[in-house]
Amino acid sequence: ARGLAQRGDLEGVARILEGAAHRAPAFGTQALVNLSWAAATVRLHEDLSTETGRSLAAILSEAAHRGERLRPQGLANLLWSMGRLQHRQENDLRALLPHVAHRSKALSAQGLANSLWGAAVLQLPNAALGWLEDDAIVELSVASIKCIESMGP
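Residues numbered from 1 in each chain as written. Predicted model: local features only at pLDDT ≥ 70, side-chain atom pairs only at ≥ 80, totals over all residues. Heavy atoms only, no water.

Undergrad: Hey, could you run me through the overall build of the protein in this one?
TA: The helix and strand tally for the protein stands at eight helices and zero strands. Its helices and strands taken in sequence order, the protein reads α-α-α-α-α-α-α-α from the N to the C terminus. Computed over C-alpha atoms, the radius of gyration of the protein comes to 15 Å, within 12% of the 15 Å expected from 2.2 N^0.38 for 153 residues, which places it in the range of a compact globule. Per-residue burial over the protein gives 45% buried out of 153 residues. The contacts in the protein between residues at least 6 apart in sequence include a share of 75% that link residues at least 24 apart. (Helix = DSSP H or I, 4+ residues; strand = E, 2+ residues; numbered from the N terminus. Rg over C-alpha atoms; globule rule 2.2 N^0.38 Å. Buried < 20%, exposed > 50% of the residue type's maximum accessible area, 1.4 Å probe, protein only. Contact = heavy atoms within 4.5 Å.)

Undergrad: In this structure, what is going on with the confidence of the model for the protein? I would like to understand it.
TA: Any region with low pLDDT has predicted coordinates that should not be read closely. Chain-level pLDDT for the protein is 89 on average; 92% of the residues reach the 70-or-more range. When pLDDT is averaged over each element of the protein, helix α5 (residues 72–84) comes out on top at 96 and helix α1 (residues 2–6) at the bottom at 81. (pLDDT = per-residue confidence, 0-100.)

Undergrad: Honestly, the pattern of salt bridges in this entry has me stumped. Any pointers?
TA: Think of it this way: side chains of opposite charge can pair up when their charged atoms draw near. Counted according to the given criterion, the structure contains four salt bridges. Put simply, R66 and E62 hold a salt bridge, and the shortest N to O gap is 3.0 Å. R94 is paired through a salt bridge with E90; the nearest N and O atoms lie 2.7 Å apart. Pair noted here: R94 and E90 are both in helix α6 (residues 90–102), with a separation of four residues, about one helical turn. Among the residues examined, E90 registers a relative accessible area of 32% and is labelled partly exposed. (Salt bridge = Lys/Arg side-chain N within 4 Å of Asp/Glu carboxyl O.)

Undergrad: What am I meant to see in unusual backbone geometry here?
TA: Negative phi is the rule for most residues except glycine; trans is the rule for most peptide bonds. Positive phi, normally seen in glycine, also occurs at R43, with a value near 60°. Given the relative accessible area of 53%, R43 is considered exposed. The backbone of Q86 shows a phi angle near 60°, a positive value even though the residue is not glycine. Within the secondary structure, Q86 is located in the loop between α5 and α6.

Undergrad: Even after reading the chapter, I still don't get the side chain of S36, so can you show me in this structure?
TA: One can find S36 in helix α3 (residues 29–41). Every residue in contact with S36, bar those within four places of it in the chain, is listed here: I59, L60, L78, S81 and L85.

Undergrad: Explanation requested: the environment of G12 in the structure shown.
TA: By the secondary structure assignment, G12 is in helix α2 (residues 10–20). Classification of G12 as buried rests on a relative accessible area of 3%. When the C-alpha atoms of G12 and N91 are compared, they prove to be 29 Å apart, with 79 residues separating the residues in sequence.

Undergrad: Sorry, what's going on with α5 here?
TA: Think of an α-helix as 3.6 residues a turn; residues three or four steps apart then line up on the same face. Taking 1.5 Å per residue, 13 residues should reach 18 Å; α5 reaches 18 Å between its end C-alpha atoms and fits that length. Among all positions of α5, only G74, L75, A76, N77, L78, L79, W80, S81, M82 and G83 are buried. Turning to α5, the residues buried within the fold contact α3, α4 (51–64), α6 and α7 (109–121). Directly after α5, the chain includes Q86, whose backbone phi takes a positive value near 60°. (Expected span 1.5 Å × (residues − 1).)

Undergrad: Mind showing me how you'd approach the packing of α3 against α5 here?
TA: For any two helices packed against each other, the geometry is given by the interaxial angle and the distance between the axes. Two numbers describe how α3 lies on α5: the axes approach to 9 Å, and their chain directions differ by 35°. Our pair here, α3 against α5, has a crossing hand that is left-handed. Across from Q30, V33, S36, W37, A40 and T41 in α3, the residues of α5 making contact are G74, N77, L78, W80, S81 and R84. Taken together, the residues of the contact of α3 with α5 break down into five nonpolar, six polar and one charged. (Axes fitted to C-alpha atoms, helices over the stretch in contact; angles between N-to-C directions. Left-handed = near helix turned anticlockwise from the far one by under 90°. Nonpolar A, V, L, I, M, F, W, Y, C, P; charged D, E, K, R; others polar.)

Take a look at the structure:
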């Protein structure tokens, strides 16, 4: 999927997602993040009226609910992918954001930037996630400030 995404092959990535969705529970967590990243890179859209859209939603949801198994870079890539794909499923964000907040100090500078961007893009109307979303953004912001301060003059 990564190679197809890097070549901009939207249809190729879509076919892989469609074939993988029903087997998503058996996939490794990083493989799910990689599929999410590929879909975001080619800008697939989560139109739930299509097989591709439903497949994408299933893969994103499965990955989001495995946040405890992801390394910091995987968390950042998944949150970025969810933002790029406009995946605003509240239950998926409720599952993922605590892990992002808890491990924000372990993210690289690029991971922090990608995570903050994803969180900003995904802001839900009427603060549906409330303190959970706020906590993730505060933790990411504090980690970003510390990262910037450590860069020196």
